[in-house]
Amino acid sequence: MSKNLKRTASTENDKKPKKAKQNIGSDSESELSDAPEINGDAQPQTQVKQEASQSPIKNAVDTTETTNNTNDAKDAPKKDEDTHMDEPNEPKSESESDAPKKSTKKSNKDDDDEFGDKPKPKKSRKSAPVKKEESDADDDDEPRKPAKKAPRKSSTSTKNSQKPQKTPASKSLEDTKEGTLLDAVRLQAHYLQNANGDVKEEGEEEEDYKWWAEQGGFGDGTERWTTLEHNGVFFPPEYVPLPKQVRMKYDGKIVELSQEAEEVAGFYAAVLGSDHAADEVFNKNFFHDFLTVLKDHPPLDGTKIKEFSKCDFQPIRDHLDREKEKKKAMTKDEKKQAKEQREEIEKPFTHCLLDGRKEKVGNFRIEPPSLFRGRGAHPKKGKLKLRIKPEQITINIGKDATVPDPPAGTNWGSVQHDNTVTWLATWKENINGAYKYVYLAPGSTLKGQSDMSKFEKARELKNYIGKIRQSYEGDLQNKVMFDRQRATAAYLVDRLALRAGNEKGEDEADTVGCCSLRCEHVMLRPPNLVTFDFLGKDSVRFYQEDIKVEPQVFKNLRIFKKEPKGPQDPIFDRIHTTVLNNYFRNFMKGLSAKVFRTYNASITFQEELKQTPQEGTVAEKLLAFNRANRNVAILCNHQKNVSKNHDAAMDKMGDRLKALKYQRRKLRQMLAQVVDDKDVYKEHPSFKEEESDLEDEWMDAHEENERDKEIERQKKKFERENEKLRSEDQKEMKPGELEDRIKDVEEKWKTITKERRSGKPDVGKKNQTQLVTSMQKIEDRLEAFRVNASNKDEVKDVSLGTSKINYIDPRITVAWCKAYEVPVEKVFAKTLLTKFTWAMETSPEWKF
DNA sequence: AAGCGAACTTAGCAAAATGGAC
DNA sequence: GTCCATTTTGCTAAGTTCGCTT
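Residues numbered from 1 in each chain as written. Chains lettered and ligands numbered in written order. Predicted model: local features only at pLDDT ≥ 70, side-chain atom pairs only at ≥ 80, totals over all residues. Heavy atoms only, no water.

Asker: How would you summarise the overall build of chain A if you had to cite specific residues and measurements?
Answerer: Each helix and strand in chain A was counted, giving 24 helices and 15 strands. Per-residue burial over chain A gives 47% buried out of 848 residues. Counted over contacts in chain A with a minimum sequence separation of 6, partners at least 24 positions apart contribute 74%. Working note: accessible area of chain A is about 44600 Å², and carbon and sulfur atoms make up 51% of it. (Helix = DSSP H or I, 4+ residues; strand = E, 2+ residues; numbered from the N terminus. Buried < 20%, exposed > 50% of the residue type's maximum accessible area, 1.4 Å probe, protein only. Contact = heavy atoms within 4.5 Å. Areas by Shrake-Rupley, 256 points an atom, 1.4 Å probe, with all protein chains shown as cover.)

Here's what the structure looks like:
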């Protein structure tokens, strides 16, 4: 039976090794490529793989609608077209990776030396920008100079033609604004004090501004808004010192930390027990920064903290846990009240006024200090992320708007009025020097416009994709290495939905995308199977075994991997993302690598949705939807961790499945007794089939179980009835009554068990027709349940959300919902409904 | 042509909210 | 209503892209 229910074996599981080693590929590579060439057919591809490749795109070779194939075959014999390209002599028993080294012909100067005798160490990194003294606790809080950058595209807020229409709604907002703005600041300064009086429910301003009904997306203009008012940002609360009795220990003894150090110790206490606390790099980085803080703010009792291993943060952790418990133990009312209070003080920041419309702000909260939780093998994980001061923040706001006051006694780093950008505030983070921004929420018009134009761009690609594929497929054999690499990269981006793959620095996790693939990430197996194994964005492993590619792509990869390159050398040494994107842009304005992901995801989804059963329950249709969604997620390699209790949940489902089978068994045996028309079995052959894996042992246990449950129910019922009698001042039933009832139940189950063992359950008054109906019903339920269970298992490590949120044009979904009469709420949660309001009016016939 | 700054999208995980079983 | 598992949302890290500078 259900092999589905057993966790699909191994292969699945190593899909996402939490911390895969960097050089995953390196050794298995030789293994693979050394394999003697099995000619042609006999490839033992794994199930899993096949599965994945059923998505139109996955199987790179059997392209759908393209003009490919053309000429690869004919070029086979002609090898080595010129100086630039030296193709290894036709594959012979011997495999690619160790092809006879044959010095690269000269060709383009620079690159070749790189391959010289020694494989260049990993990737040539950008000239290291000087290692800043690690201390980093010394933040450079020099305020960002106002207009250091020339805004990307000209002009700051200029008056422009289209004035913001003052809707009545916006007016009402303006009215409250004065108070709100000021209050905001005040509130923030005193944080908890619940000052403001006025912010009244601003009535439902039913302003539905349908920007999408207007001329489609934001056009050529670079200006994104005309007026912008907001209240600035919300700072996290100041640090609250621990109660006196809560102290970390050092070498077994209590330490009186300075407040500054205590806060940092608290950050660490918070990660105790997590994977991070077991991570060497994390601990090292943390302790380094902790020491830095301790140096400036030494323990008050003179303790000298020197060794990480002697630090005991557990007391702090225990305290945090207790606090958490306390919070959990609050009554409903208390919780509600606390929440309302929180919302009240945040209220000024949740919305802004953009072109006179009230719009939701997204991340208005300044990120609180903490320990940096870099993903994968990030060299900086564990470092102290510092508290952001107002002086580090740049505010972007309309020219004529009132600039929000910074918290009392502080200043904003700077204030600018740039309407070509969409952020309200920005700051630079101290770990990586990355910029952080406060943007509007996904449901805002600004974001909605961007979103829609993203999908429009992807749709536009439809018109060019044929030409593009033709072009790069032709170039796969181009004599110029540069072109050939570019074409091959384009192929991977298009067919395998790889990301562009920018270069990364030494101080980041070692992850790659298309252009940054290294030899160790790609294994070749003749005639044209390629295995990819690398860590992509977020250090999620991309592992695809034996993908069938165009023969020419296979050849190219072999060439690109050739000696003298080593495992650490890049496959695409002549190109990088900019080259690739410039190439794409030749075909279509605004086309870049990422558009292919959007395009392929959406087109795949639309295609897969055709599997939806025309007739069928909503549940069945939803299943089809999720299947399609899943295929897209697999295409994009969107993964998630298998939930901790997935196994348990599956076991439970297995049990429930057996319970269904148990019922079916009984019905089947009943039917067998009454059947008078043998045609029933002709019509429903399955009605004769026995249930798989229904052991007597299990049924014994099951019946016992059911019996016990029923007894429990009887007891409760008895209690209830007595309770009622009491309240009506009547006499209670005697305990003996309950005993009798229990006895009845026990008798009943005894009979059931006996009958079951005999294989002849009591039929009662049921006739054949009734039993047939019941049988059909139970079989349907069984099937539905099976499908559901296997679906759940299939999806356990696949993240559906990411593609739903970012890659699948919501109009496809809306059209589908309308065509199949499925309520949109079934597929879009509240936030997505908001985010995609622009797509809600799509007609059922709409096509991506 | 490489490298950087800036701004924006995409991503998985953890916390919070929800909803279904009891 | 309570409890628990699942779903949704929040958070912020990690990508891509593109223009500008050197």
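Asker: Lay out the nonpolar core in plain terms, naming residues and giving numbers.
Answerer: Considering soluble globular proteins, one finds that nonpolar side chains tend to be buried as a cluster. Grouped together as the largest cluster of nonpolar side chains are 77 residues, with contacts concentrated most on Leu461, Leu492, Leu517, Phe532 and Phe584. At eight residues, helix α12 (residues 481–496) tops the list of elements feeding residues into this core. Residues Leu272, Phe286, Phe290 and Ile316 belong to the second largest nonpolar core, which totals 29 residues. (Core = buried A, V, L, I, M, F, W, Y, C linked by side-chain atoms within 4.5 Å.)

Asker: I'd like a description of empty space enclosed by the protein, backed by residues and values.
Answerer: Taken as a whole and judged by the stated rule, the model has six cavities of 30 Å³ or more. The calculated volume of the second largest cavity comes to roughly 70 Å³. Looking at the second largest cavity, the residues that line it are Tyr662, Arg665, Lys666, Gln669, Met699, Ile752, Glu755, Arg756 and Pro761. With four residues, helix α17 (residues 646–674) is the single largest residue contributor to the lining of the second largest cavity. For the lining of the second largest cavity, the class distribution of residues is four nonpolar, one polar and four charged. (1 Å grid on protein atoms, 1.4 Å probe; cavity = no way out; pocket = protein on both sides within 12 Å on 5 of 7 lines; lining within 4 Å. Points joined across faces, edges and corners; volume = space filled by probe spheres on them. Nonpolar A, V, L, I, M, F, W, Y, C, P; charged D, E, K, R; others polar.)

Asker: Give me the lowdown on the pattern of salt bridges, citing residues and values where you can.
Answerer: Applying the stated rule across the entire model yields 47 salt bridges. In this structure, Glu691 and Arg664 form a salt bridge, with 3.0 Å as the shortest nitrogen-oxygen distance. On the criterion of sequence distance, the pair formed by Glu691 in the loop between α18 (679–683) and α19 (696–727) and Arg664 in helix α17 is long-range, its members being 27 residues apart. For Glu691, a relative accessible area of 13% translates into the label buried. According to the relative accessible area criterion, Arg664 is buried, its value standing at 6%. (Salt bridge = Lys/Arg side-chain N within 4 Å of Asp/Glu carboxyl O.)

Asker: Got a sec to walk through the protein's contact with DNA strand C? Specific residues and values, please.
Answerer: Neighbouring DNA strand C are 30 residues, the closest being Arg365, Lys436, Lys504, Lys594 and Thr831. Restricting attention to atoms of DNA strand C within 4 Å of the protein, one finds that 92% of them are sugar or phosphate atoms. Contacts to DNA strand C include Asn502, whose side-chain N or O atom sits 2.9 Å from a phosphate oxygen. In this structure, a phosphate oxygen belonging to DNA strand C sits 2.7 Å away from a side-chain N or O atom of Arg585. Classifying every residue of the surface near DNA strand C gives six nonpolar, nine polar and 15 charged. (Near = heavy atom within 4 Å. Polar contact = N/O pair within 3.5 Å; in protein donor to acceptor, adjacent residues only side chain to side chain.)

Asker: Explain the confidence of the model for chain A residue by residue, including any values.
Answerer: The pLDDT averaged across chain A works out to 78; a share of 75% of its residues lies at or above 70. Considering only residues more than four positions removed or in separate chains, one finds that residues 1–58, a stretch of pLDDT under 50, has 110 contacts. For the stretch residues 62–84, pLDDT sits under 50, and the model shows 43 contacts to residues farther than four places along the chain or on other chains. (pLDDT = per-residue confidence, 0-100.)

Asker: Kindly report on helix α8 (residues 280–296), identifying the contributing residues and their values.
Answerer: For α8, spanning 17 residues, the distance from its first C-alpha to its last is 25 Å, which sits close to the expected 24 Å at 1.5 Å a residue. By the burial criterion, the buried members of α8 are Phe282, Asn283, Asn285, Phe286, Phe287, Asp289, Phe290, Thr292, Val293 and Leu294. Looking at the buried side of α8, the elements it contacts are α7 (259–271), β4 (311–312), β7 (370–371) and β8 (384–385). Two to three positions downstream of the cap, the backbone nitrogen of Val281 sits 2.8 Å from a side-chain oxygen, assigning the N-cap of α8 to Asp279. (Expected span 1.5 Å × (residues − 1).)

Asker: Explain the state of the cysteines residue by residue, including any values.
Answerer: Taken as a whole and judged by the stated rule, the model has zero disulfides. Free of any disulfide, Cys514 has its nearest neighbouring cysteine sulfur in Cys515, separated by 4.7 Å. Take Cys514: its relative accessible area is 0%, and that puts it in the buried class. Looking at Cys515, the relative accessible area reads 4%, which means it is buried. (Disulfide = S-S within 2.5 Å.)

Asker: Let's hear about the side chain of His378: which residues, and what values?
Answerer: Residue position: His378 is located in the loop between β7 and β8. Separated by 3.0 Å, the side chain of His378 and the backbone nitrogen of Lys380 make a polar contact. Among residues more than four places away in sequence, those in contact with His378 are Val281, Phe372, Asn432, Asp507, Glu508 and Ala509.

Asker: Explain the sheet that holds strand β6 (residues 357–360) residue by residue, including any values.
Answerer: Strand order in the open sheet formed by three strands is β1-β5-β6, with antiparallel pairing between adjacent strands. With partners counted over all chains shown, the strands left at the sheet margins are β1 (228–229) and β6, one partner each. Relative to β6, strand β5 (residues 351–354) runs antiparallel, the two sharing four bridges. Across the sheet, the residue bridging to Leu354 is Arg357, located in β6. Helix α10 (residues 332–350) rests against β5 and β6 of the sheet, and its axis sits at about 20° to β5. (Pairing = 2+ DSSP bridges. Axes fitted to C-alpha atoms, helices over the stretch in contact; angles between N-to-C directions.)

Asker: Describe the sheet that holds β4, and please don't skip the residues or the numbers.
Answerer: Strand order in the open sheet formed by three strands is β3-β2-β4, with antiparallel pairing between adjacent strands. Bordering the open sheet on either side are β3 (253–254) and β4, each of which pairs with just one other strand.

Asker: How would you sum up helix α16 (residues 618–635)? Please name residues and give values.
Answerer: Look at α16: 26 Å from first C-alpha to last across 18 residues, which is about the 26 Å you get at 1.5 Å a residue. For α16, every residue scored as buried is listed here: Lys621, Leu622, Leu623, Ala624, Phe625, Ala628, Asn629, Arg630, Asn631, Val632, Ala633 and Leu635. Positive backbone phi, at 60°, marks Asn637, one or two positions downstream of α16.

Asker: Before we move on, could you go through the UniProt feature "active site" (unreviewed entry) in chain A and cite the residues and values that matter?
Answerer: Under the local residue numbering, the UniProt record ascribes the feature "active site" (unreviewed entry) to Tyr807. Tracing the backbone through its elements, the reader meets Tyr807 in the loop between α22 (800–806) and α23 (810–820). Excluding residues within four positions of it along the chain, Tyr807 makes contact with Phe455, Arg597, Thr598, Ala601, Ser602, Cys636, His638 and Thr802. Separated by 2.9 Å, the side chains of Tyr807 and Arg597 make a polar contact. (UniProt positions renumbered as here; feature names shortened; annotations may be inferred.)

Asker: Residue-level account of the packing of α7 against α8, with values.
Answerer: The contact between α7 and α8 brings their axes to 9 Å, and the two run at 165°. One element, α7, and the other, α8, form an angle in the roughly antiparallel class. Handedness of the crossing formed by α7 with α8: left-handed. Only Phe282, Asn283, Phe286, Phe290, Val293 and Leu294 of α8 make contact with α7, whose side of the interface consists of Glu260, Ala261, Val264, Ala265, Tyr268 and Val271. Here the contact of α7 with α8 is built from residues that sort into 10 nonpolar, one polar and one charged. (Parallel < 35°, antiparallel > 145°, perpendicular 65-115°, else oblique. Left-handed = near helix turned anticlockwise from the far one by under 90°.)

Asker: If you had to explain the packing of aromatic side chains to someone new, which residues and values would you point to?
Answerer: The geometry of an aromatic ring pair comes down to the distance between the two centres and the angle between the two planes. Within the structure shown, the criterion is met by 30 aromatic pairs. Here Tyr268 and Phe313 contribute two aromatic rings whose centre-to-centre distance is 5.0 Å and whose plane-to-plane angle is 50°, an arrangement assigned as tilted. Separated by 45 residues along the polypeptide, Tyr268 in helix α7 and Phe313 in the loop between β4 and α9 (314–329) bring together distant segments of the chain. Per residue, the accessibility class of Tyr268 equals that of Phe313, and both read buried. Aromatic pair Phe286 and Phe313: ring centres 5.7 Å apart, planes at 75°, arrangement edge-to-face. Of this pair, Phe286 sits in helix α8 while Phe313 sits in the loop between β4 and α9, and the two are 27 residues apart along the sequence. Given a relative accessible area of 0%, Phe286 falls into the buried group. (Phe/Tyr/Trp six-rings, centres within 6.5 Å; stacked < 30°, edge-to-face > 60°.)

Asker: An account of the pairing of β5 is needed here, citing residue identities and associated values.
Answerer: Relative to β5, β1 is paired through two bridges, and the arrangement is antiparallel. Its bridge partner being in β5, Leu228 is matched across the sheet by Leu354.

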